[in-house]
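Observations on the model geometry
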Amino acid sequence: ALDSGADDFLSKPPVAEELNARLRAAQRLTTLQRELIRLAETDTLTGLLNRGAFLHRLGDAARRYAQQGRLALVSVDLDHFKKINDAHGHAVGDAAIRAAGEMLAEFAREHKGFAGRVGGEEYALALPGLRGMEASDVASALRGKISEIRVRGRTGPVKFTASLGVGEWSDGETVEGLLKRADIALYDAKSGGRDRVMTAFSDVHVARVG
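Residues numbered from 1 in each chain as written. Predicted model: local features only at pLDDT ≥ 70, side-chain atom pairs only at ≥ 80, totals over all residues. Heavy atoms only, no water.

Moving on, we get to the pattern of salt bridges. Once the charged atoms of two side chains with opposite charge are near each other, the side chains can pair. As enumerated under the stated definition, the model contains 7 salt bridges in all. For the salt bridge of Arg63 with Asp60, the shortest nitrogen-to-oxygen distance reads 2.3 Å. Of this pair, Arg63 and Asp60 both sit in helix H2 (residues 51-65), 3 residues apart, which is roughly one turn of the helix. Beyond isolated ion pairs, a larger network of salt bridges with shared partners links Asp77, Asp79 and Lys190. (Salt bridge = Lys/Arg side-chain N within 4 Å of Asp/Glu carboxyl O. Helix = DSSP H or I, 4+ residues; strand = E, 2+ residues; numbered from the N terminus.)

All chains considered together, the criterion is met by 1 aromatic pair. Ring centres 5.4 Å apart and planes at 55° place the aromatic pair Phe54 and Phe114 in the tilted group. In this pair, Phe54 sits in helix H2 while Phe114 sits in strand S2 (residues 114-117), placing the two residues 60 residues apart along the sequence. Phe114 carries the same exposure label as Phe54, and that label is buried. (Phe/Tyr/Trp six-rings, centres within 6.5 Å; stacked < 30°, edge-to-face > 60°. Buried < 20%, exposed > 50% of the residue type's maximum accessible area, 1.4 Å probe, protein only.)

On to H2. Helix length check: H2, at 15 residues, gives a terminal C-alpha distance of 21 Å against a target of 21 Å (1.5 Å per residue), a fit within 8%. Regarding H2, the residues found buried are Ala53, Phe54, Leu58, Gly59, Ala61, Ala62 and Tyr65. (Expected span 1.5 Å × (residues − 1).)

Laid out in structure tokens, this is it:
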């Protein structure tokens with residue numbers, strides 16, 4: 001039975017004690033497998049999805065919502081993050097990353113989306129079921145909340161801001177195209193002064209501050 005691919009087997013008639021023991025062993029194995037999957041998909045610092053898991057889930061969302069055309073992506077990057085590490089140390093930098101991650105997780109839960117840490121100080125927030133302008137409103141609120149975060153530094157509270165780019169799913173879209181559009185909007189937000197939201201629903205980019 002094992003050579004044929006079975007994970008376990010019981011002889012007939014089953015003995016109650018053996019059956020219960022094997023069920024408990026199977027439950028332990030299943031729990032371990034679930035935990036290994038969770039660890040493989042989770043960013044250890046923030047608890048968000050890691051890049052690979054986020055992109056996989058974004059692909060699933062695209063297949064589900066493509067027909068409706070209601071899928072938006074928000075790219076987020078903490079502004080001048082290197083200065084935080086240089087001035088206050090990596091422990092404070094890690095605290096800032098965690099705090100921003102917690103804020104993204106909160107927004108993801110509130111808007112029935114999902115979030116990931118896709119780079120050092122870079123995040124992404126997928127918003128299935130929302131169109132571009134709705135997602136832009138969410139991004140604007142998220143920008144404001146991040147600017148209110150304070151983490152403990154060597155000489156007092158440390159604050160920081162974030163730049164955000166919003167991309168909207170369009171007809172004939174691909175996941176790669178959606179990611180690129182959101183990243184281009186993010187680049188425009190950073191080059192336009194940071195601490196702002198840029199939207200890229202098509203070839204027209206619109207800036208929002210506040």
